[in-house]
Every structure is written in structure tokens, then in C-alpha cells.
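Each chain is listed here by its residues.
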Amino acid sequence: MRDSQAAVWDRGLRQLAGYYGGLGLLAWDVGRNLALPRAYLPLVVQELDVMGVRSLTVANLAAIFTGMVLALQSAVLMARFGAELYMGPVVALSVLRELGPVLTSILVGGRVASGITAEIGSMKETEQIDALRVIGVNYVKRLIVPRVLAALMVFPLLTVLADFLGIVGGMFIAVFERGLDYVMYWQTIFQLVVLRDLLAGLGKTPIFAALITLIGCYNGLRATGGTVGLGRATTATVVQVTLAVIISDFFLTRLFMLVGA
């Protein structure tokens, strides 16, 4: 019994090490091929549209209602201490430092990464990637680097927009639900929230973007088993992206606290 359990643990650790080792090698290949020729720039623009423009509705709705819910919950607690005046800074700090970048990355990242896995996995199953290799095309530079570069540009922009809309959503609750003056709402935010609060959250988004696209691409490249295997890979991508964002958020938050951000 113990031997079988040890074999299971050993196999699991080997698979885990193989997965993250392969992901690290893919990240290394992407880093070596970041310089794109001009012919590939339209691919980056195309990915900007797919990742950014087509994700605006999801990101914006989530941001607005997150700010509203946060304002509702904080208002109940702060009313007990007569501190409803400071609802604005509480909402702004929560959204800027954590909820804005994390929720945007999880929602948009799950959508983007699953689509990447499905697309690249389909190309692998139909041997299109092998065809690129045969004709001498660097598939990393052609398929993966444009997606990574687009994500590095899109996720910070989506996060800034989500931060603003989250704070506006909190303002709606503060003004129409709790009867606060909207001028005072913004005044307290500008007094107590500083630029580094924005940068502390915004600085996480490039890491989230890189993790999301790399996981999506790698799962597509290693997908096997036809349509069934591709479906499993796509599902695994959503789960892994969510965990990657949440876990990396903890370590990034700890790092920024150590450096004083």
C-alpha cells in the first residue's frame, strides 16, 4: 500500500516538475524572440483587438458592480463607527490595490487563455504547427510572442479602466444609497489615496499578463487526444490561470510591501 502511494506521489511530482519545467522553457524561448519583424506587427494589433476591445464589456461590468458591492458592504460596517465619510478611500484603495487588477486578470485572463489554448491546440491537432516548422517559420515568434506582447499592453489598460469604473460604481452607492455628497466622496479619495496605491496594483498586471498567455499557449501546445483532450486542456487552462493569478498576487503584494509600495 505504501509503495503504491509513494509511486503515485512520485508520478505526480514528476508531472508537476515536467509541466513547470516546460512552461519555464517556453518563457525562455519567448524572451529570446521578443523582437518581432514588421511583418508580424499586424498580428499584435489583431491580438490587441481580441484581448482588449472584445473584453471591455466583461471587464467593465465586473468592475462597476464590484465597486458597488464593496461600497454597500463597507457602508454597513463604517456606519457603526460613524465613518461613512471615508467610504470613498476604502473603495478606492481596495479597488486600486487588489480587486481591480486581480478580478480583471481572472475574468479577462480566463477568457483569453482558454481561447488561446483552443486555437493553438487545434493548430497542433491539424498539424499546422508542424507545417510551420517544415517551411522554416519560428512558431514561437509567429504564434506566441504577438500574444504575449499584446497582453502586456492590454492588461494594464483594462485594469486602469476597471479601477476608474469600480470607484465610480462605489460613488453611485455612496450618493444614491447612503446620501453622501459626491464632491466629498472624490475629495476624500484625492486626499488619502496616493499615486503609489495605483502603481501597486498596476505593477502586478504585466506579471499576470505574462502568466496568462504563457499558460494558455503552453497548454495548447501540449494538448493531445483530439477534441476530448482539447476540451480538457481548455478547462485546465481556466483553472490554472485563476490559481496563477491568485497565488502570484500574494507574492507580488508581499514584495511591494517590502519595497514600500
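A quick note: this is a predicted structure, and the numbers were derived from the prediction, not measured.

Conventions adopted
- Residues numbered from 1 in each chain as written.
- Predicted model: local features only at pLDDT ≥ 70, side-chain atom pairs only at ≥ 80, totals over all residues.
- Heavy atoms only, no water.
- pLDDT = per-residue confidence, 0-100.
- Helix = DSSP H or I, 4+ residues; strand = E, 2+ residues; numbered from the N terminus.
- Core = buried A, V, L, I, M, F, W, Y, C linked by side-chain atoms within 4.5 Å.
- Buried < 20%, exposed > 50% of the residue type's maximum accessible area, 1.4 Å probe, protein only.
- Patch = residues over 30% accessible without salt bridge, like charges linked within 9 Å, V, L, I, M, F, W, Y side chains within 5 Å.
- Areas by Shrake-Rupley, 256 points an atom, 1.4 Å probe, with all protein chains shown as cover.
- Salt bridge = Lys/Arg side-chain N within 4 Å of Asp/Glu carboxyl O.
- Phe/Tyr/Trp six-rings, centres within 6.5 Å; stacked < 30°, edge-to-face > 60°.

For residues with low pLDDT, the predicted coordinates do not support detailed interpretation. Within the protein, residue pLDDT values average 87, and 96% of them lie at 70 or more. Per-element mean pLDDT across the protein ranges from 78 in helix 1 (residues 2-32) up to 92 in helix 9 (residues 205-221).

What follows covers unusual backbone geometry. The residue E127 is not glycine, and still its phi comes out positive at about 65°. Within the fold, E127 resides in the loop between helix 4 (87-125) and helix 5 (128-134).

Counting residues in each nonpolar core, the largest one holds 43 residues, and the members touching the most others are L26, V30, Y139 and I144. Of all the secondary structure elements, the ones that give two or more residues to this core are helix 1, helix 2 (41-51), helix 4, helix 5, helix 6 (139-177), helix 9 and helix 10 (226-258).

Together, V239, L243, I247, F250 and F251 make up an exposed nonpolar region whose accessible area comes to about 530 Å². Topologically, L243 is positioned in helix 10. When its relative accessible area of 47% is taken as the criterion, L243 is described as partly exposed.

Two descriptors summarise a pair of aromatic rings, namely the distance from one centre to the other and the angle between the planes of the rings. Within the structure shown, the criterion is met by six aromatic pairs. Pairing Y185 with W186 gives two aromatic rings, centres 5.7 Å apart and planes at 85°, and the pair type is edge-to-face. Take Y185 and W186: they sit in the same class, and that class is buried. Put simply, the rings of Y19, Y20 and Y218 pair up and form one aromatic cluster.

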